[in-house]
Structures are given as structure tokens and as C-alpha cells.
Amino acid sequence: MRRKGGRPGETGGQDAEAVEQVLDELYATPPPAFVSRREESAAAARTDGRKDDARRIHAARRPTLAAWAANLLTRARPEETRRFLELGQALREAHRSLDAAGLRELSAQRRRVVTALSAQAAQLADEAGHHLSQAAQREVESTLRAVLADPDAAGQWAGGRLEVSLTPPSAFPSDAAPAAPARTEPGPAPRPAPHRAPSGTRAKDELAERRRKRQEELARAEREAADAERHLRDARAEQADAEESLRGADDELARLRESVAAAEERLRAAREDLGRAEGDRREAEERGRTAAQAVAEAEREARASARRVERLAGRVR
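This is a predicted model, so every value here is computed, not measured.

## Considering the overall build of the protein
Then comes step 1: When you go through the protein residue by residue, the secondary structure sums to 9 helices and 0 strands.
Then comes step 2: Of the regular secondary structure in the protein, the N- to C-terminal order runs α-α-α-α-α-α-α-α-α.
Then comes step 3: Per-residue burial for the protein yields a buried fraction of 25% across its 317 residues.

## Overview of helix α3 (residues 51-58)
Then comes step 1: For α3, the complete set of buried residues consists of D53, A54 and I57. Each buried residue of α3 sits inside an arc of 100 degrees when the element is viewed along its axis, so together they form one side. Projecting away from the buried face of α3 at angles above 90 degrees are the exposed residues K51, D52 and R55.

## Here we look at the packing of helix α5 (residues 78-97) against helix α7 (residues 134-149)
Then comes step 1: Between α5 and α7, the least distance of the axes is 7 Å, while the angle of their chain directions is 55 degrees. Considering their axes alone, α5 and α7 lie oblique with respect to each other. Mapping the contact onto sequence places F84, L85, L87, G88, L91 and R92 in α5 and L144, V147, L148 and A149 in α7.
Then comes step 2: Looking at the contact of α5 with α7 residue by residue, the classes come out as 8 nonpolar, 1 polar and 1 charged.

## Things to note about the nonpolar core
Then comes step 1: By size, the foremost hydrophobic cluster in this structure holds 31 residues, and its most contacted members are L73, F84, L132, V140, L144 and W157.
Then comes step 2: Where this core is concerned, the elements lending two or more residues are α4 (65-76), α5, α6 (100-127), α7 and α8 (151-159).
Then comes step 3: For this core, the element with the highest residue contribution is α4, accounting for 8 residues.
Then comes step 4: If near-sequence neighbours (up to four positions away) are discounted, F84 is found in contact with V113, V114, L117, L144, V147, L148 and W157.

## Quick word on the packing of aromatic side chains
Then comes step 1: With the rule as written, the count across this model stands at 2 aromatic pairs.
Then comes step 2: Each ring, one from F84 and one from W157, has its centre 5.7 Å from the other, and the planes form 75 degrees; the classification is edge-to-face. Of the two residues, F84 is situated in helix α5 and W157 in helix α8; the sequence distance between them amounts to 73 residues.

## Brief notes about the confidence of the model for the protein
Any segment with low pLDDT has predicted coordinates that should not be analysed in fine detail.
Then comes step 1: Put simply, the protein has an average pLDDT of 79, and 78% of its residues get 70 or more.
Then comes step 2: The model gives residues 1-11 a pLDDT under 50, and that stretch makes 21 contacts with residues more than four places away or in other chains.
Then comes step 3: Overall, residues 173-197 carries pLDDT values under 50, and its contacts beyond four positions in sequence, including any with other chains, amount to 13 contacts.

## Comments concerning a positive patch on the surface
Then comes step 1: A cluster of basic side chains, namely R303, R307, R308, R311 and R315, defines a positive patch on the protein surface.
Then comes step 2: Secondary-structure assignment places R308 in helix α9 (residues 198-316).
Then comes step 3: Residue classification places R308 among the partly exposed positions, given a relative accessible area of 43%.

## Notes on the environment of P169
Then comes step 1: With respect to the secondary-structure elements, P169 resides in the loop between α8 and α9.
Then comes step 2: A relative accessible area of 35% means that P169 is categorised as partly exposed.
Then comes step 3: Spatially, the C-alpha atoms of P169 and D150 are 7.3 Å apart, while their sequence positions differ by 19 residues.
Then comes step 4: Excluding its chain neighbours within four sequence positions, the residues that come into contact with P169 are A149 and D150.

Thresholds applied
- Within each chain, residues carry numbers counting from 1 in the order of the written sequence.
- Selection of residues for local features in this predicted model requires a pLDDT of at least 70, selection of side-chain atom pairs for listing and counting requires 80 or more, and totals for whole chains, interfaces and linings are taken over all residues.
- Just so you know, side-chain values use all the structure's heavy atoms and leave hydrogens and water out.
- Strands are runs of DSSP state E lasting at least 2 residues, helices are runs of H or I lasting at least 4, and numbering of each runs from the N terminus.
- Per-residue accessibility, obtained with a 1.4 Å probe over protein chains only, is compared with the maximum for each type, and a residue is labelled buried under 20%, exposed over 50%, and partly exposed between these values.
- The arc in question is the one spanned by the directions pointing from the helix axis to the C-beta atoms.
- Between the N-to-C directions of two axes lies an angle of 0 to 180 degrees, each axis being a line fitted to C-alpha atoms and, for a helix, fitted only over the stretch in contact.
- Every angle not falling under 35 degrees, over 145, or within 65 to 115 is termed oblique; those three ranges are roughly parallel, roughly antiparallel and roughly perpendicular.
- Residue contacts are defined here by distance: any two heavy atoms, one from each residue, within 4.5 Å place the two residues in contact.
- All amino acids are sorted into three groups, where Ala, Val, Leu, Ile, Met, Phe, Trp, Tyr, Cys and Pro are nonpolar, Asp, Glu, Lys and Arg are charged, and the leftover types, Gly among them, are polar.
- Among buried residues, the Ala, Val, Leu, Ile, Met, Phe, Trp, Tyr and Cys ones that are joined through side-chain atoms within 4.5 Å form a nonpolar core.
- Only Phe, Tyr and Trp rings are paired, with Trp represented by its six-membered ring, and only when their centres lie within 6.5 Å; those with planes under 30 degrees apart are stacked, over 60 edge-to-face, the remainder tilted.
- Per-residue confidence from the predictor is given as pLDDT, running between 0 and 100.
- Nonpolar side chains (Val, Leu, Ile, Met, Phe, Trp, Tyr) are joined into patches within 5 Å and like charges within 9 Å, using only residues with over 30% relative accessible area and no salt bridge.
- The accessible surface values rely on the Shrake-Rupley method and a 1.4 Å probe; as for residues, cover is taken only from the protein chains in view.
- Whenever a carboxyl oxygen of Asp or Glu lies within 4 Å of a side-chain nitrogen of Lys or Arg, that contact is scored as a salt bridge.
- Residues counted as positive are Lys and Arg, residues counted as negative are Asp and Glu, and His and the chain ends are not counted.
- Working definition for charges: the position is that of NZ of Lys, CZ of Arg, CG of Asp or CD of Glu.

Structure representation (C-alpha cells):
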């Protein structure tokens, strides 16, 4: 999706719009070519005297292959993107209102749409010449689930400039609606609780406080573990992209080596032909000199013969 730049007539509006267009084009560029394209665009902005624009362009981070594929969806499938964002809004509303029936129906639709869109992302990446591994496809699905669950994630994805994959919040239901409260059969009336001494109340409060702290520590540890897992996925995706670029460079190097070898073979054959041609020329020159000498000798003999004929003819007279 295109971002809005400055309005016409405002100072710097056209430059701002140009930067937005450059960034949009950058994040539509396959990751292996991202850095070189970014540096070219930043250099062009510096040449035009737009230092701030050059810094902003240079600060753009190279997306992982999965994030780039997710960005492709927003550009190549705008109508599906709009409907998907609307589905996410409906899902979040049903979750907030605890509409169990609506959430079950929307969750089933969510699974179908996420599967379909992730397949489209893989197809778009293939068409652009970059195959998505199974791990990368799972990252695309994770991003799409995050878009459904989190409005901030939805806004990031709609902008078409994701740098890394997104992770859905753990609090959002993954596949099913929240379970209804279980029914309980009426039982005997509870007995009145005995009066507790103040010391027992303090012990209970201390226990509750310790439990609360442990829960906070657990939640913090889970968030840190999720962040670490996301960083690990990003690093692995970056490594996969680098390995793919290395394989491409190796293939290109092998092709160029073959071309050099073929050119060297043609040069060797051409040099042999040149040597033979030079030898033939020397032989031709030698034959020419020999023939010239023979002609000169023949001309001398012809003149001598002509003179003898004239002398003999004079005697006869």
C-alpha cells in the first residue's frame, strides 16, 4: 500500500512523497537485492542535496524473506488484504464481547483464510524467483495470525514495510472460542467459614503476594522467551537468505569461470590460427622472392638471347 506523502503546495511535500515511494519500492525489492538498491537510492538523494532523505533511506532495514513475502500480499492482493483486515477487526470484537458462537464461526474462517493467504504469499515469492521454505511459510502464517489478533500488527502489515515476521499475542485464542462456564449441580449450602486469627490472614496475604510475584516473573520470562524465539527465527531467516545469496553467487562465479575458460580456449585456438597464417605468409613471401628472382634471371637470359639473335642476323646479311 502506498503511504501518503506531503500534500501538494506544502514545503517539502514532493520530496516527502518521493521518499515514501522510494521506501515502498525498496520493500517490494527481494531481500538479496535490498541493500544495493537502498544504497543506490540513498546516494541519489545525497547527490540531490536531500541529506535527511538519504539518512532515512539508509536507515531502512533489510526484510527477512518471510517478511518480504508478507509485504507482497498487501501490494499484489489489495482486495484480499482489505477483507482480511476486516476479518481481524470482527474477530477482535467478538473476543472482546465474549461472543462464543460468533468467535467459533470467525475462527473457522480465520484458519481457512490464513492458509489461503500464506499459500498466495508463497506463490508470489516463487513468481519473483525466491522459494519460501516451510519455516518461512510458518513465519508468514504467524504474521497473518498476529494481524488478526493485534490492531498494531494489522497497521504494520497494511503499510507493506515489515522487516521481520510478527508474533500473535498469547492471550488471543488461536483456534477456538472461549469455553462456556461449566454448569454445577446444586450442593449443600457451604458452612460458615470459621473466624481466622489476624496471623492467618497475614499468612494468606503473604502467600497471595508470593503467588502474584511468581506469576509476574513467569509472564516476564514467557515474554522474554517469546522475544528470544522471534530473534532466533529472524536470525535463521537472515542466515537462510545469506546462504541463498551465497549459492547464487557461487552459481554466477561458476558460470563466469566457464565463460572465461571457453574464452581462453577460443583465444588459444585463435592464436594457433594466427601462427599458422603467419607461417603461410612467410612461405608465400619466400615463394614470391624466389619467383621474382627466377623472373629476373629469365629476363636476363631473354635479353642475352635477343642480342645473340641480332648479331647472328647481322652476319647473315
